[in-house]
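What follows is each chain in one-letter form.
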Amino acid sequence: MSVVIAGAGIGGLTAALSLHAAGIGATVVESAREIRPLGVGINLLPHAVRELTELGLGDGLADLGVATAENVYADRHGRRIFSEPRGMAQGYRWPQYSIHRGELQLLLLAAVRERLGPDAVRTGARVTGFEQGPGDADGVRVRVLDRATGTAGEQDAEALIGADGLHSAVRAELHPDDGPLLWSGIRMWRGTARAAPFLTGRSAAIVSDGDAELIAYPIGRDRINWVCLVRVAEPGPLTGDAGWNRAGRVADVLPYYQDWALGWLDVPALLAASGEILEYPMVDRDPLPSWGRGRVTLLGDAAHPMYPVGANGASQAIVDARVLAYELSAPDGPRSGPARYEAARRDATAAVVRANRAMHRDGGRGPRELARITDTYRRATGSEVETLNTRPSLTRR
Ligand SMILES: Cc1cc2nc3c(=O)[nH]c(=O)nc-3n(C[C@H](O)[C@H](O)[C@H](O)COP(=O)(O)OP(=O)(O)OC[C@H]3O[C@@H](n4cnc5c(N)ncnc54)[C@H](O)[C@@H]3O)c2cc1C
């Protein structure tokens, strides 16, 4: 018997690698028929880079990612308002990387297959629910639907980890009364384009103009990743779809940025040169009072979807995975580990969800305000330089 992980996203694959490193077998059940390098750019903050480095993936990350040197806040005329060093330039012992999400996922997938075996990740199989006995003594029975044949099957496991993202089936079974996703009223478009490097070549730009904002950073191989955020409605419960795969149109987003002239980055040309554009509503959820039950728990977006403004979604999923593997590998881990994991991570991630909301709400215009906001964010999310640099490793020896 081993641990079953629902979802081969960033969190699920990191959980598999972390369990393996702690001497625990795992299988990953992924609903997509094939894992293709989907998505665009994401950021891995130093606390996540530390964990992946301790899993032996430091060189792979350095090959794929761009080590971010600074965040530059500017207005739509390109005037610099505030900047701060990032990653090692800020004093962390680990870099911050901007990286293509799909390429990161494939790096993790290759490591899982190499270390846990070619069959460790089962694709085209959707977790639909689970049963566990009273007292949780006997493990958990996971219901799995084979998408190709339509056959419903079962898999016994010592524990079940719901790493199945924004529309988690494991979460739905644990929390049947969960409300809808909460929409900020912001619509996001994301894309990448080949473009000349700007500023240091390793700078991330955050440019704001009232209701429209742009975030742009390089993700390697001459690509600039961009995210446009535009307020189109008042905040409220999301009605309709919040998937990661909806195609956006450049004609919908370009009008908001047509007359932006940064000088060091041609925004209209960047948007127009982008191949595939993705469109999403910016959503999150109120933190849950509990995540799991017995031998079943949640991690990453399944547990705590958050606004992307702090660039923390993938990073928090990675830290979740490492803490959970640490606790599951303790004596009596499958039974008592999930509760210890939740005690360690629930309040911490709820603080990140709230800090992202606060950062989004407060915006910030002047240099002093921006310095305060970024500082507050670091404190609220427990990611001060000294805290990360001195915290003990999550690798169980
Ligand atoms: C296709 C895709 C593209 C994305 N693109 C971006 C991006 O460009 N930028 C960005 O910042 N973030 C993106 N994200 C989100 C980002 O990856 C997450 O916010 C973050 O990495 C946390 O990851 P996670 O592992 O918790 O969830 P996710 O990365 O969402 O992974 C969840 C995985 O579970 C699978 N799954 C879902 N339901 C089931 C089920 N019932 N049974 C089995 N498997 C299931 C999904 O197919 C997916 O592979 C994307 C997510 C996806 C799925």
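This text goes with the structure placed above it.
Reading the values: rules and limits
Residues numbered from 1 in each chain as written. Predicted model: local features only at pLDDT ≥ 70, side-chain atom pairs only at ≥ 80, totals over all residues. Heavy atoms only, no water. Helix = DSSP H or I, 4+ residues; strand = E, 2+ residues; numbered from the N terminus. Buried < 20%, exposed > 50% of the residue type's maximum accessible area, 1.4 Å probe, protein only. Contact = heavy atoms within 4.5 Å. Areas by Shrake-Rupley, 256 points an atom, 1.4 Å probe, with all protein chains shown as cover. Lys, Arg positive; Asp, Glu negative; His and termini not counted. Charge placed at Lys NZ, Arg CZ, Asp CG, Glu CD. Pairing = 2+ DSSP bridges. Axes fitted to C-alpha atoms, helices over the stretch in contact; angles between N-to-C directions. Core = buried A, V, L, I, M, F, W, Y, C linked by side-chain atoms within 4.5 Å. Salt bridge = Lys/Arg side-chain N within 4 Å of Asp/Glu carboxyl O.

K.L.:
Can you help me understand the overall build of the chain in this one?
P.N.:
The secondary structure content of the chain amounts to 11 helices and 19 strands. Considering only C-alpha atoms, the chain reaches an extent of 65 × 45 × 35 Å along its principal axes. A total of 397 residues make up the chain; the buried ones form 54% of that total. Contacts in the chain between residues at least 24 apart in sequence constitute 74% of all its contacts with a sequence separation of at least 6. Here the chain displays about 16600 Å² of accessible surface, and carbon together with sulfur accounts for 50% of that area. Within the chain, the 47 negative side-chain charges are centred at a point lying 2 Å from the centre of the 45 positive side-chain charges.

K.L.:
Help me understand the sheet that holds strand β3 (residues 41-44), please; the structure alone is not making it clear to me.
P.N.:
Note: strands within a sheet are paired through backbone hydrogen bonds, in either parallel or antiparallel orientation. The antiparallel open sheet is built from three strands, whose spatial order is β3-β7-β4. Strands at the two margins of the open sheet, each flanked by one partner only, are β3 and β4 (66-67). Relative to strand β7 (residues 97-100), β4 runs antiparallel, the two sharing two bridges. Looking across to β7, one finds that A67 is bridged to Y97. Contacting β3 and β7, helix α4 (residues 101-116) runs over the sheet at an angle of about 85° to β7.

K.L.:
Where do I start with the nonpolar core in this structure?
P.N.:
Within soluble globular proteins, side chains that are nonpolar tend to cluster in buried spots. Judged by nonpolar contacts, the single largest core of 66 residues is most densely connected at I5, L19, L44, L52, L104, I161 and V170. By residue number, the principal contributor to this core is helix α8 (residues 313-328), which donates eight residues. Discounting residues that sit within four places of it in the chain, L52 has contacts with T14, L44, L57, G58, L61, L104, L108 and I318. Of all hydrophobic cores here, the second largest spans 23 residues; its members include A74, A205, L270 and I277.

K.L.:
Explain the pattern of salt bridges here, please?
P.N.:
Pairing between side chains becomes possible if they bear opposite charge and their charged atoms approach one another. In this structure the tally under the stated criterion is 31 salt bridges. The partner of R76 in a salt bridge is D209, with the nearest N and O atoms 3.3 Å apart. Separated by 133 residues along the polypeptide, R76 in the loop between β5 (70-74) and β6 (80-85) and D209 in strand β14 (residues 203-209) bring together distant segments of the chain. A residue is classified by how much of its surface remains accessible, and D209, at 32% relative accessible area, is partly exposed. Between R246 and E279 there is a salt bridge whose closest N-O contact spans 3.9 Å. Taken as a pair, R246 in the loop between β17 (236-237) and α6 (250-257) and E279 in strand β18 (residues 277-284) lie far apart in primary sequence, 33 residues in all. R246 gets classed as partly exposed once you look at its relative accessible area, which sits at 31%. One network of salt bridges, with partners in common, ties together R50, E51, E54, R322 and R391.

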